[in-house]
Amino acid sequence: MPHLLTLSDLSIGTINDILNRAQEIQIQNLYCIQQDIICANLFFEASTRTRFSFEAAEKRLGYHVLNFSDESSSTQKGESLYDTLRTLEEIGVKAAVIRHRQDKYYEDLRGRLSLSIINGGDGCSDHPTQALLDLMTIKQEFSSFKDLTVAIIGDLRHSRVARSDAEVLTRLGAKVLLSGPKEWMNSELPGEYVGIDEAVKTADIVMMLRIQHERHTDGMDLSKEAYHKQYGLTLERERLMKPGSIIMHPAPVNRGVEIADELVEAKRSRIFRQINNGVAVRMAVLEWAVNQTEEAKRHEYTANKR
Amino acid sequence: MPHLLTLSDLSIGTINDILNRAQEIQIQNLYCIQQDIICANLFFEASTRTRFSFEAAEKRLGYHVLNFSDESSSTQKGESLYDTLRTLEEIGVKAAVIRHRQDKYYEDLRGRLSLSIINGGDGCSDHPTQALLDLMTIKQEFSSFKDLTVAIIGDLRHSRVARSDAEVLTRLGAKVLLSGPKEWMNSELPGEYVGIDEAVKTADIVMMLRIQHERHTDGMDLSKEAYHKQYGLTLERERLMKPGSIIMHPAPVNRGVEIADELVEAKRSRIFRQINNGVAVRMAVLEWAVNQTEEAKRHEYTANKR
Amino acid sequence: MPHLLTLSDLSIGTINDILNRAQEIQIQNLYCIQQDIICANLFFEASTRTRFSFEAAEKRLGYHVLNFSDESSSTQKGESLYDTLRTLEEIGVKAAVIRHRQDKYYEDLRGRLSLSIINGGDGCSDHPTQALLDLMTIKQEFSSFKDLTVAIIGDLRHSRVARSDAEVLTRLGAKVLLSGPKEWMNSELPGEYVGIDEAVKTADIVMMLRIQHERHTDGMDLSKEAYHKQYGLTLERERLMKPGSIIMHPAPVNRGVEIADELVEAKRSRIFRQINNGVAVRMAVLEWAVNQTEEAKRHEYTANKR
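Reading the values: the criteria
Residues numbered from 1 in each chain as written. Chains lettered and ligands numbered in written order. Predicted model: local features only at pLDDT ≥ 70, side-chain atom pairs only at ≥ 80, totals over all residues. Heavy atoms only, no water. UniProt positions renumbered as here; feature names shortened; annotations may be inferred. Buried < 20%, exposed > 50% of the residue type's maximum accessible area, 1.4 Å probe, protein only. Helix = DSSP H or I, 4+ residues; strand = E, 2+ residues; numbered from the N terminus. Least-squares fit on C-alpha atoms with pLDDT ≥ 70 in both. Phe/Tyr/Trp six-rings, centres within 6.5 Å; stacked < 30°, edge-to-face > 60°. Lys NZ or Arg CZ within 6 Å of the ring centre and 35° of its normal. Salt bridge = Lys/Arg side-chain N within 4 Å of Asp/Glu carboxyl O. Contact = heavy atoms within 4.5 Å. Buried area = accessible area lost by both parts, 1.4 Å probe. Polar contact = N/O pair within 3.5 Å; in protein donor to acceptor, adjacent residues only side chain to side chain. Nonpolar A, V, L, I, M, F, W, Y, C, P; charged D, E, K, R; others polar. Core = buried A, V, L, I, M, F, W, Y, C linked by side-chain atoms within 4.5 Å. Pairing = 2+ DSSP bridges. Axes fitted to C-alpha atoms, helices over the stretch in contact; angles between N-to-C directions.

An unreviewed UniProt entry lists chain A under the name Aspartate carbamoyltransferase, with Scopulibacillus daqui as the source organism. What UniProt records for chain A under Sequence similarities (unreviewed entry) is the sentence "Belongs to the aspartate/ornithine carbamoyltransferase superfamily. ATCase family." Per its UniProt entry, chain A bears the Pathway (unreviewed entry) comment "Pyrimidine metabolism; UMP biosynthesis via de novo pathway; (S)-dihydroorotate from bicarbonate: step 2/3."

Asker: Whenever I open this one, helix α3 (residues 81–91) of chain C confuses me. Can you help?
Answerer: Note that an α-helix has 3.6 residues per turn; residues three or four places apart therefore point the same way. Residue and element names in this part refer to chain C. Extensive coverage of α3 is indicated by the burial of 11 of its 11 residues. Considered for burial, the residues of α3 that qualify are Leu81, Tyr82, Asp83, Thr84, Leu85, Arg86, Thr87, Leu88, Glu89, Glu90 and Ile91. Positive backbone phi, approximately 110°, marks Gly92, located one or two places after α3.

Asker: Where do I start with the relation of the copies chain B and chain A in this structure?
Answerer: Two copies of one chain are present, and they are related through a rotation about an axis combined with an axial shift. Rotating chain B by 120° and translating it 0.0 Å along the rotation axis places it on chain A, where the RMSD comes to 0.0 Å. On this basis, the relationship between the two copies can be described by a three-fold rotation axis.

Asker: Honestly, the packing of aromatic side chains in this entry has me stumped. Any pointers?
Answerer: The description of two aromatic rings rests on the distance between their centres and on the angle between their planes. Overall, the coordinates contain 15 aromatic pairs over all chains when judged by the stated rule. Their ring planes at 20° and their centres at 5.9 Å tell us that Phe68 of chain B and Phe52 of chain C sit as a pair that is stacked. Remark: Phe52 of chain C occurs in helix α2 (residues 49–60) and Phe68 of chain B occurs in strand β2 (residues 64–69); the pair is interchain, linking two chains. Among the residues examined, Phe52 of chain C registers a relative accessible area of 2% and is labelled buried. Put simply, the rings of Phe44 and Phe68 of chain A together with Phe52 of chain B pair up and form one aromatic cluster. The ring of Tyr82 of chain A carries Arg112 of chain A above its face, with NZ or CZ at 3.8 Å from the centroid.

Asker: So what exactly am I meant to see when it comes to the pattern of salt bridges here?
Answerer: Pairs may arise between side chains of opposite charge once their charged atoms sit close together. Inspection of the entire model under this criterion finds 60 salt bridges over all chains. The partner of Glu90 of chain B in a salt bridge is Arg86 of chain B, with the nearest N and O atoms 2.9 Å apart. Here the residue Glu90 of chain B and the residue Arg86 of chain B both occupy positions in helix α3 (residues 81–91), the gap between them amounting to four residues, near one helical turn. The same class applies to Glu90 of chain B and to Arg86 of chain B, which are both buried. Glu287 of chain C is the salt-bridge partner of Arg21 of chain C, the closest N and O atoms lying 2.7 Å from each other. A residue pair is termed long-range when its members are at least 10 positions apart, and Arg21 of chain C in helix α1 (residues 12–28) and Glu287 of chain C in helix α9 (residues 271–305) qualify at 266 residues.

Asker: When you look at the interface of chain B and chain A in this model, what are you seeing that I'm missing?
Answerer: Where the parts come together, the accessible area they lose is often given as the size of the interface. Residue-level contacts link 25 residues of chain B with 23 residues of chain A. Buried area between chain B and chain A, summed over both chains or domains, comes out near 2200 Å², and the portion from carbon and sulfur atoms is 55%. One can count three salt bridges joining chain B with chain A. The salt bridge partner of Arg49 of chain B is Glu79 of chain A, with a shortest N-O separation of 2.7 Å. Summed over the shared surface of chain B and chain A, the result is eight residue pairs in polar contact (both at pLDDT 80 or more). Listed by contribution, the elements that provide at least two residues to the side of chain B that touches chain A are α2 (49–60) and α9 (271–305) of chain B. The biggest single contributor to the side of chain B that touches chain A is α2 of chain B, with eight residues. Residue composition of the side of chain B that touches chain A, grouped by class: 10 nonpolar, five polar and 10 charged.

Asker: What am I meant to see in the environment of Ala260 of chain A here?
Answerer: All names here are of chain A. Tracing the sequence through the fold places Ala260 in the loop between β9 (246–248) and α9 (271–305). When the C-alpha atoms of Ala260 and Thr234 are compared, they prove to be 5.2 Å apart, with 26 residues separating the residues in sequence. The contacts of Ala260, once residues within four sequence positions are left out, are His228, Leu233, Thr234 and Leu235.

Asker: Looking at this structure, I do not really get the nonpolar core. What am I missing?
Answerer: The nonpolar side chains of soluble globular proteins are, as a tendency, buried together. Leu85 of chain A together with Leu132 and Ile152 of chain B are the most contacted members of the largest nonpolar core, which has 102 residues in total. Per-element tally for this core: the top contributor is α9 of chain B, with 13 residues. In contact with Leu132 of chain B, other than residues within four places in its own chain, are Leu4, Leu7, Ile15, Ile18, Leu19, Val281 and Val285 of chain B.

Asker: Honestly, the sheet that holds strand β2 (residues 64–69) of chain A in this entry has me stumped. Any pointers?
Answerer: In spatial order, the strands read β2-β1-β3-β4 (chain A); together these four strands make up an open sheet with parallel pairing. Two strands in the sheet have a free side with no partner beyond their single neighbour: β2 and β4 (116–122) of chain A. With strand direction ignored, the average angle separating the axes of adjacent strands in the sheet is 15°. Direction of pairing for strand β3 (residues 93–100) of chain A relative to β4 of chain A: parallel, over a ladder of five bridges. Bridging from a neighbouring strand, His100 of chain A pairs with Asp122 of chain A of β4 of chain A. Against the sheet, α2 of chain B makes contact with β1 (38–43) and β2 of chain A, and its axis sits at roughly 165° relative to β2 of chain A, the strand it touches most.

Asker: Hey, could you run me through the interface of chain C and chain A in this one?
Answerer: Across the contact, 23 residues belong to chain C and 25 residues belong to chain A. When chain C packs against chain A, close to 2200 Å² is buried across both sides, 55% of that on carbon and sulfur atoms. At the junction of chain C and chain A, the tally comes to three salt bridges. Two residues, Arg255 of chain A and Asp83 of chain C, come together in a salt bridge whose shortest N-O distance is 2.7 Å. Linking chain C to chain A there are eight residue pairs in polar contact (both at pLDDT 80 or more). Of all elements in the fold, only β2 (64–69) and α3 of chain C reach the threshold of two or more residues within the side of chain C that touches chain A. Sorting elements by how many residues they give to the side of chain C that touches chain A places α3 of chain C first, with eight residues.

Printed below as a string of structure tokens:
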């Protein structure tokens, strides 16, 4: 029953195995025929990228896909997440991809289910497959993480991507710089706070964060234009970037706010490359989870027979 | 054009054929490759269990699945159910699974369509595949239905499960006991009304019903705690149950209301087993409907050729 | 990157190729096994017929299908259509079927995407696959379009079907008559305005249009009964029709308004035949788009290698 809940649970060895397998999947342009794996997507928050990326990954692996939607399900009748998942388990679901607005929604599910949970993002907490696809993108560019400088800039407080990335990059030996509005600083993140110009100038990777309007309770008083000028990657700031350095963003982009419209598809932008990598990474993660589950079941079966 | 609208339409022989086939499907853990059957799920009421159970069944049979959702379809433009189904028929759909809030919504569809209708629940009236999976669960436990005592307890008035189960179990030779709040008694159900303690003590199967809040117009004045104490399966009442007797519930469960939280996954509970059986039963039902349709078409074709 | 945005973009030769392939697909009752094509359906307006017709077509071709729904996606977070499509492209989508309330939503997408866009209807403007299935239906009946008289009757102003059909039929040599309420006349349509009785009497094809309530901002003051009497195909009017002439309607039908209830499935009605033809036509269109895309990619690849 291996879950992917947060990257903190995975060893560096496992992370590298997943990244290597993702690279292999991408090079082979892998599509599988399989007929006996059912998985489910449970998205309790709006999503295009992550949801379709997972669904494409699942279908390329040949899995049957059940798409759960909040509005038309029994969670409307007050059913708990545990009961919903136990139900899906009995229906034959081997892996469930879950996005949930509640931080660490999975805590009270650990050890109670035989299906694999793949975390598709929880509250402001974690987004492990986004971090993995960011790692894959960085690795394709720089081969290793050691001694790279990564600047993570923007809405550090509400971004689950920031937290997942900062933690795993630090573990992998990269130097993390943090920058953004004072109101959105986040003392829980590993990394050093610097001014945005210094961050942009020094970094090998300039990773801009999406403003998570939908997760804000406190407004920020800045207009979009003012935010862009103070904390965004403007055309002027991009000129400060080092040769060979790249721009990343988890998307969807607020064009002209976090990043100048013209930079989204600029030469040094890897924003759409990240999305492309997302499918391969998710295929590798699903394969890793499901194969281990099937393997575990076989062992159990052999043990029972003796 | 065989439909499954209500179990009353099926002979005991057909019911047994379906149950035997379901058992076979479950033992074989059957997944099929097929490429030329399209089916559709039309759920006009919220559902997790039944909808995903059917979808898993359909995909395990190798069918192509169209998921119709009320909000984004032409029923929004005022289209009738008949016109929607005629449309799906022309699109190539061979079987349509329908859940509808209106009792016997299918009455004016009989004889007008060449696709198979599988009733996924209509109003407070019927839920034939739930009754079949309940039968499968009981048969796995007791081999036969003759002389078993089944206590159906709770919201008898609004439960389509109660009606479907009480009728078919009576036909199969079981003794049905009914219990629950006076306000929710239902004189149309076959069976004998008894007090809840007697029901629990006497029964081989204690079948607790879900309180159908979403179908109530009249409130009940009891708090959840009071309901649980008076009409629920409490920890104390469970101790009255006979050795070898089992607990069933169509789910989703209101934990702590119809049944004590701790009993949901207790040893004698078959609640999740029921869900598991649901997939096999629905595979058997779909196979039965679609194969007969295809068979009928072949005959028609041969007749045309002569 | 061939798109199907409006039939005006297609030569008569290409239109005929698609119609011939659709006919072949229908006769063979074609179902394909394919495993490496992903397509997406993006419907920003309610639809049953078109959406499921496309989905059935896609699945019969063996494609993997992603169903995008407005409510649960990042367009909720303000993402533009271009960014959504670029995302899908990176996820591996080869063809996107789009229905959108905005006329010519595709104008600023042209030349910026490598996936194929298949227009599933835009505002009051175009509905090219509907026109193709109408052509297929007419061709099955009359073999050719030359010198046929087609009367298009009803809500000419808000009907994208009217525009697509009138234009292509004129190009193919048919004579188009137009009729309907003065308020809904549309001077942009090719064709001659005549009274409804004359239209019905003269036409080989009487094509009734759906009243597009959902696209009206200006109400019409007529009751349903009065509309039916003045502009509908009543039982009396049907008796004026020429022998061998047929009735068409894009559906969903407002029974008793545009057309008498009894005529919907009358002998000379081809309304459900149109729906049936829709699947074959859409299979032919998708095949045409996707195969050209794959072909183009192969050429590009060879060119790169040299």
